[in-house]
Amino acid sequence: MQAAPATPRIVGRDAELRMILQTVRAAKRGRGGSLLIVGDPGIGKTILLDAAGDMAMADGLLVLRAAGVEFEADISFAGLNQMLLPVMRDTALTTGPQSEALRVALGLATGPAPSFLAVSNAILALLGELAQAAPVLLVVDDLPWLDRPSAIVLGLVARRLSGLQAGLVIGQRTGETSFFEHSGMPQLMLHPLDDAASDELLKQRFPDLSPRARRRIVDEAQGNPLALTELPAVRSGASTSSLPMSRKLQEVFASRITDLPAATRSLLLMAALSGPADLRVIVGSTADLENLDPALRDGIVSLDPQSGRLSFRHPLSRLAVVELSTPGERNRAHRSLADRSPDPVRRAFHLAESTVEPDDAIAGVVERAAHIVLARGDAVSSVETLTRAAELSVDQAARVRRLAEAATIGAELIGELGNAEELLESASRSADDPSGSLQLSTAAASLLFNRESVVDTPHRLLTLALQAHADSADRETLSDALYLLIVVCYFGGRAELWPPYYAAVKYLGDDVPTSLVLLSAMHGDPARLGATTVHLLEDELHRLPRMENPAEIMRLTVASVFADRIGEGREALLRVVEDGRRGGATAAAINAIVNLSVDAWKHGRWDEAEQLVAEGSELSSGHGYLRYTWCFEGYVLNLVRAARGDDKAVSGAEELDQWGRARGALVVSAMAYEIYCMAALTRGDFESAYQAAVEISPAGVLRSHMPHALWVVFDLVESAMRTGREQEARAHVAAAREAQLDGLSSRLALSLHGAEALAADDADKVRLFERALAGPDVEQWPFLLGRVRLCYGETLRRRRQITEARRQLAMAQEIFGRLGAVPWSRRAENELRATGMAGSEPRATLTAQEREIAQLAATGMTNKEIGERLALSPRTVAAHLYRAFPKLGITSRAALRDALSALHSG
C-alpha cells in the first residue's frame, strides 16, 4: 500500500497546536515560553515538535534542536553539543569569559571543571546574544535518552528563560524519567486520536483504502498516529493483530529495514550508534554517500544539508537497525566510528564498545577520557568511564588503580558508597597484594571512614600504606592519600595522630599543593600555624569565583572554616549544593551544606541553619554518610537549641559525645562539650559551663591539633571570671593572644578582645570593651556581639555608668530578640531593670519568612498550600510556625490573626 503525498495539516491535534503556538509566541515576546510534551511511543510527539520548529521558523525564530539517543546517554554534554555546536562557531560570545564554562563542557576548550549552574548561565548568555538577531526556540526530543549533564543544565535553563526572547519545547515518553527537572513547567499530555480523527488520517494518507480496511486498522491502531500511518504498509500476510502496540510498531519498522541493501544497513548502523550522526563521520567516500539514497528515499532518515546531520525520522527505526545487526557488525561499526571521531571522549566510547576482550591500549584511552569527563564537571560519568577502563585492563596493577580511583571519586564526590564498596571489592580481588597499593588503601580508608566514621582503622590503613609507598608514589596519588589523612586526623582530635602526615608530606618536596598546605595548617592546628598561613588562605579565596571542580572548592572552603571565611566561598558552595541536588557530586554537596550551616550559625542566620540541617540530614542519611548526619542533627542544630534555651540540646550533646568517643573521633566530643558549654551559659550555670569548656582545652592552653579550642575562648574566659577563676581566665587570654587569634578573623578578634576586657583589671575594662566593639565587621557576628555588649553593660552598671549601660544592654536585648534567643533576651532585660529602666517583657522578633508564613496561615491556608505558594516543604512551614507561635505569645493558629494585628499596631 503506497501512502499519498504528505500533507502539512496535522489531524486531530488542533488544541495541541494552539498551545504550541502560544508557547512559541511567548518565547518571541520574552515571556520565557516552555512546554513539555508527554505521550506514548508513536502518539505524535516528534511531529508536534517538528510543528513547533516550523511555526517558530515561520515567525522568524532561530530553532536549535537536539534529540536524546540511547547510545549517547553516557557521553557528557552530548545533547548540548548536538544543539549548540552549530551556533557556537558563529557567535562572538564564545570568546568572552562567561562562555568558558560552556566551551569546556562542549570540549571546545580546556579549563577547570564547570558546574552545571555555570554552564546554564553561559547558555542563557548565549541565548541572549542570539536573540539580538532573532528569538530562539530550543527543541528537544526523546528526553529520557538525553545525557545526564545536558538534561540537568536544560532544566536550569528552562526555569530562567523569563525576560529572554527564547523558549524551550521538549518531548518525553509517558512514564519515563530523566534528570531534567520540569517541576512547574507547563505540560501537554497527548492522548490517542478518537475514531473520527483516526479515520480522517487514514483517508488523508491512504485514500485507496476501503472503508472495511480502514475500520480494521482504526480498531487495531487504538488511536496511535504512527500505527495508523505504518500498519497499512505491512507486507501482505504479515499479521500483527495479536501483538501489543509497541511490538506491532517494532515489526513494522523492522520490515522496512530488512528490505534495504546491506551497504545501506551498514551506514545506518553507524548512524544509529553514533548519536548525532555527522555525515563526515558516517560516510567515508562518495560511494558510501550514494548507498544512503535508499534510506533517504524511504523516509527512514533525513539529511540536513546545512549541518550535515543525518537523523532518524523515528527512534523505532534506529532501534530496529541496531536489533537487526549482529555483534560483529556492531563491533566493526564502533571501530570505524572511533577511527573517524574527532572528540576524544566519543572516540574512547566507541573503542570500548568495539571490543569484547580486555585491551590495555583501549583501557588507557578510556581512562584518559574519564579524566576529561571529570574536568568537564561530570563526576558520575567519570566513575562509570573509569570502571569501564578497569574492565578493559589486562594489566592487573592498572585495573586496581582504575577501580580504586573510581571508588575514591564515588565515595568522596558522588555519594555512592554502595557502588564504591563494590568497586573496591573488585579492585581487591584483582590485586596480588591489596594492602600494597597506596591508591587502593586510600579508597578503602575513604570508604570505611565515610561509611562507619571510625578514625583509628582508616588512620592505621593510610599510615601503613604511606610508610610503604610514599617514596615511590606519584604526586597525585600521594596527595590524595594525604588529603584523606588530614580529614581523618582532624576528626580524631588527637595530636599523636599527625606525625605520619608530616613524615609523608616531605616526599612531595617543594611541590606540595597549596590546598594541602592550607588544610594541614588551618584545619589541623590553626592555633599554632594559622597566623603564618592566613595570608595564603586569603590569596587562594580570591580564586573561588572562578573555581568549578567540587573537590577543590571543598578543600579550600574547609580550610577556611576556623578562620571564619566560609562566607567568602558561599557562592561557590551554593554551586556545589545545586549540583548535588541534581544528582551530581552529592557527597561534596553534603560537605558544602555542613560548611554553610556552620556559617549560618556563626552569622546569626539560625533559621537558615535549621533549614540547611534538615536538607543535609536527609541527604547524608539517604547516602549513608554517618559522619555528616551527626554533624547536622548532633552539632549545628543543638547549638541553635542551646542558645535558644531548648532542653533538647543537652540530651543531643550526650548522644553526640557517646557517638564520637565510640569511634575515636574526639573532635566530635569537643563539639558536644561546646554544646554543653553553650547550654550552661544560656541557663546561667557558669560552673558547668567552665567545666565543659576546659574539656575542649585546658585553661591557659589552646590544645594542639584541636581547632575547636578557638571557638570557646570567650566562653571559657567568661565562665572562669564568673566562677572566681581570674588567674585561669587571664592565662587563657594570654594563650589566645600568643596565637594571634585576632589576626585570623574579625570574629576571633571580637572573641579575644572581649575576653581581654572581661579578664582585665577594673581600670582597663571600659577601654578594652570599647576596643572590642570598635573592631572591623563586628556586626557580622550578632550572637557573640550581643554577649560582649551584655557583659559590657553589666560592667557599666556595676560602675554606675547607667546611661551607657542602658544603651549597651538595650542593643544586646534587641540582638537576642532578633535571634530568638529568649533566655539571653530575658537576661538583658533583667539587667536593664536593674538600671532602673522599666522594659517590656522580651519577645523575639519574627523573621521575614516567619512573618510571611504566619500571615498566610492566618488566612486559613494549610501548611501544604503555604508550601506550594512559597516553594517550601510542609515540614519546613510547620517548623517556622512552631518558632513563630512563642514569639507571638500564642499557642494555636486560631490566634494568629489577632496576634499579627497587635504586632502591626505595636
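Residues numbered from 1 in each chain as written. Predicted model: local features only at pLDDT ≥ 70, side-chain atom pairs only at ≥ 80, totals over all residues. Heavy atoms only, no water.

(A) Focus on the packing of helix α35 (residues 686-696) against helix α36 (residues 713-722). One can describe the packing of α35 onto α36 by two numbers: an axis separation of 8 Å at closest approach and a directional angle of 140 degrees. What the angle tells us is that α35 and α36 run oblique. In terms of crossing hand, the pair formed by α35 and α36 is left-handed. Side by side, α35 and α36 meet where F686, A689, Y690, A693 and V694 of the first sit next to L716, E718, S719, A720 and R722 of the second. (Axes fitted to C-alpha atoms, helices over the stretch in contact; angles between N-to-C directions. Helix = DSSP H or I, 4+ residues; strand = E, 2+ residues; numbered from the N terminus. Parallel < 35°, antiparallel > 145°, perpendicular 65-115°, else oblique. Left-handed = near helix turned anticlockwise from the far one by under 90°. Contact = heavy atoms within 4.5 Å.)

(B) Fine view of the nonpolar core. Core analysis: the largest hydrophobic core is formed by 149 residues, its most contacted members being L466, L482, Y635, L741 and F783. The dominant element in this core, judged by the number of residues it contributes, is helix α34 (residues 666-682), at 13 residues. Membership of the second largest hydrophobic core comes to 42 residues, among which are L106, A118, L154 and L168. (Core = buried A, V, L, I, M, F, W, Y, C linked by side-chain atoms within 4.5 Å. Buried < 20%, exposed > 50% of the residue type's maximum accessible area, 1.4 Å probe, protein only.)

(C) Region of interest: the confidence of the model for the protein chain. On average, residues of the protein chain carry a pLDDT of 83, and 87% of them reach 70 or more. Here residues 1-8 scores under 50 on pLDDT; set against residues more than four positions off or in separate chains, the count is twelve contacts. Ignoring residues within four places in sequence, the model shows residues 234-246, a span with pLDDT below 50, making 15 contacts including any to other chains. (pLDDT = per-residue confidence, 0-100.)

(D) Focus on the sheet that holds strand β5 (residues 187-189). With respect to topology, five strands assemble into an open sheet ordered β2-β3-β4-β1-β5, the strand pairing being parallel. Here the strands that pair on one side only, and so sit at the sheet edges, are β2 (62-67) and β5. Within this sheet the neighbouring strands show an average axis-to-axis angle of 15 degrees, counted without direction. Examined bridge by bridge, strand β3 (residues 136-141) and strand β4 (residues 166-173) share five bridges and lie parallel to one another. Across the sheet, residue V140 finds its bridge partner in β4, namely I170. Those strands touched by helix α1 (residues 14-28) are β1 (34-39), β3, β4 and β5, and its axis lies near 155 degrees from that of β1. In the packing of helix α5 (residues 116-131) onto the sheet, the strands contacted are β2, β3 and β4, and the crossing angle to β3 comes to about 130 degrees. (Pairing = 2+ DSSP bridges.)

(E) Spotlight on unusual backbone geometry. The phi angle at F77 is positive, at roughly 60 degrees, despite the residue not being glycine. Mapped onto the secondary structure, F77 falls in the loop between β2 and α3 (78-88). Residue class for F77 comes out buried when judged on its relative accessible area of 1%. Its identity as a non-glycine residue notwithstanding, D142 has a phi of 55 degrees, on the positive side. Examined against the element boundaries, D142 turns out to sit in the loop between β3 and α6 (148-158).

(F) Up close: the pattern of salt bridges. Applying the stated criterion to the full structure yields 42 salt bridges. For D199, the salt bridge identified is with K203, shortest N-O distance 3.4 Å. Remark: K203 and D199 occur in helix α7 (residues 195-205); sequence separation between them is four residues, near one turn of the helix. Judged by its relative accessible area of 45%, K203 falls in the partly exposed class. For D564, the salt bridge goes to R747, with nearest N and O atoms at 3.2 Å. Taken together, the residues D564 in the loop between α28 (550-559) and α29 (570-581) and R747 in helix α38 (residues 746-759) connect sequence positions 183 residues apart. For R747, a relative accessible area of 7% gives the class buried. Within this structure, D715, E718, R722, R787, E794 and R827 form a network of salt bridges that share partners. (Salt bridge = Lys/Arg side-chain N within 4 Å of Asp/Glu carboxyl O.)

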